[in-house]
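Per-entry structural report
Chain by chain, the residues run as shown.
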Amino acid sequence: MHRRTLYRLTYLAAAMSLGHHLDHVIRHNAVGWPLTGQVNAFTVSLVVYPVIATSLMLYRAGRVGPGFWALVSGGGAVFVSAVHFGPAAVEPPEMILGGYGPSVLGWLAFAWLVTFVAVLAITSLYETRLWSQQRQGRHATRPATGVGTGR
Amino acid sequence: MRPQPSVPAAATGVGGAVLLVGTRVALWLGVQLLVAGLLVLAGVTATGGQALNGVAGWWMVYGALVDLGTLGVIGWLLRRDGSTYRRLLGPPTAGWQVAVGALGVLAASVPAVVFSGELTSAVYGTAIAPMFAVVDVPALASAVSVLVVPLLAELAEPVAYLGVVLPRLERRLGRPWLAAAIVVLMWAVEHAFFPLLVNGARLDLEFAAYRVGSVLPFLAIWTALYYALGRRLLPIMAARWVFNGGTAFALAFGLVK
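To start, this report covers the structure provided alongside it. Nothing here was measured: the structure is a model prediction, and the numbers come from that model. (Residues numbered from 1 in each chain as written. Chains lettered and ligands numbered in written order. Predicted model: local features only at pLDDT ≥ 70, side-chain atom pairs only at ≥ 80, totals over all residues.)

Looking only at helices and strands, chain B has twelve helices and two strands in total. Relative to the 2.2 N^0.38 estimate, which gives 18 Å for 257 residues, the radius of gyration of chain B is 19 Å and therefore close to what a compact globule would have. Projected onto the principal axes, the alpha-carbon positions of chain B cover approximately 55 × 35 × 30 Å. Residue burial in chain B is summarised as follows: out of 257 residues, 42% are buried. For chain B, restricting intrachain contacts to residue pairs at least 6 apart in sequence, the fraction spanning at least 24 positions comes to 81%. (Helix = DSSP H or I, 4+ residues; strand = E, 2+ residues; numbered from the N terminus. Rg over C-alpha atoms; globule rule 2.2 N^0.38 Å. Buried ≥ 20, exposed ≤ 12 C-beta atoms within 10 Å, placed from the backbone. Contact = placed C-beta atoms within 7 Å.)

Right, let's get into the environment of Ser-142 of chain B. Residue and element names in this part refer to chain B. By secondary structure assignment, the location of Ser-142 is in helix H8 (residues 139–147). For Ser-142 and Arg-80, which are 62 residues apart along the polypeptide, the C-alpha to C-alpha distance reads 36 Å. If we ignore the near neighbours within four places in the chain, the residues touching Ser-142 are Val-137 and Ala-252.

What follows deals with the interface of chain A and chain B. On the side of chain B, 15 residues touch chain A, which itself brings 13 residues to the contact. If you tally residues by element for the side of chain A that touches chain B, the top one is helix H6 (residues 103–141) of chain A, at nine residues. Residues that form the side of chain A that touches chain B fall into these classes: eleven nonpolar, one polar and one charged. (Nonpolar A, V, L, I, M, F, W, Y, C, P; charged D, E, K, R; others polar.)

Before going further, it helps to spend a moment on the nonpolar core. If you look at the biggest cluster of nonpolar residues, it comprises 90 residues, and the most contacted ones within it are Val-117 and Ile-122 of chain A together with Val-164, Val-165, Val-183, Ile-221 and Leu-225 of chain B. Counting residues per element, this core draws most heavily on H6 of chain A, which supplies 14 residues. Once residues lying within four places of it in the same chain are set aside, the contact partners of Val-117 of chain A are Ala-77, Val-80 and Ser-81 of chain A together with Pro-111 of chain B. (Core = buried A, V, L, I, M, F, W, Y, C linked by C-beta atoms within 7 Å.)

With that settled, consider the environment of Trp-76 of chain B. Residue and element names in this part refer to chain B. Following the sequence through the fold, Trp-76 ends up in helix H3 (residues 59–81). For Trp-76, a count of 13 C-beta atoms within 10 Å corresponds to the partly exposed category. For the pair Trp-76 and Gly-16, spaced 60 residues apart in sequence, the C-alpha separation works out to 9.7 Å.

By themselves, these are just geometric observations and shouldn't be taken as functional.
Written as structure tokens, this is what we have:
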């Protein structure tokens, strides 16, 4: 059940990320390589897709667990928040809200971004809870050793 | 009706949910209209509109009456259903879990803060949002709005919507996502009823719509977090207390510019 939820949340976050990158492409502001010659935050953010693909393979193979996913989702939330909402944001909300002719499209793109960051943060908290439960479960099932075996 | 094993066992009929939400809305409206009526009758203000705008300055104080009424209804429902308040708060949660969870809830609320800020700028420019601009109370009332009201609000509001209304709707509808969407919408619409502001001779409906839009992302995120945290309410209540208490503190000390 939890595994299925984790997969669903990951696919949702990936779809929202793709939608946000499409928004960049349509607005054509704050874009970088491969659309322009400049390497910037847009270019760096494209690394998320190989990261997700690799993480999914590692998770399927049982090499990584919810704790790893919590870092991936949380890291994504921090990165996107810093780029868009932080005090030194390279693409503040005004660039999105004013990036389209009709303002309703700007608000739609901005609402998409806000939802995207919220999904990443909520997913990270969910994965953190799973990780914490997993650790508690391991502690509970670990056999007691070393009790009364003084040297 | 499909069984929902994850829904708290205390959840019963949807009538209790309607009663609870109805009570909150009726209390918000009732308190404001009653005090405004008294002000007009006493000759303090000439028109009902002026009276309502005057009463609006106290909304962070009279909110306590709404939350006390909510707690009364919750208590009555719990007695009727043979349940306890503690059960509404979800599985046992250690102190450190509440603290870490609350920090997570605050961090996850950042997108909502940004959205709400942009919406305020779009509607009111550089001015303070009206629900904060109208607040004008003496020092003692400010102290109550900082120390008492945020605490009462956390004991009543999220417990009402997430602890009582949501499980009942889930049980009735059999679809948690639909129940959650309805709860978020109802919760947001409740905010349209306080404070009631009058612009010219009419109710300021633009402000009411702004109120709904500005709180919607917060409520959606907190409701999603309720599920993400395994239906634990305490981290959400703690984070909301910091958030709302901080806002009341900033208003009381004139830090909102």
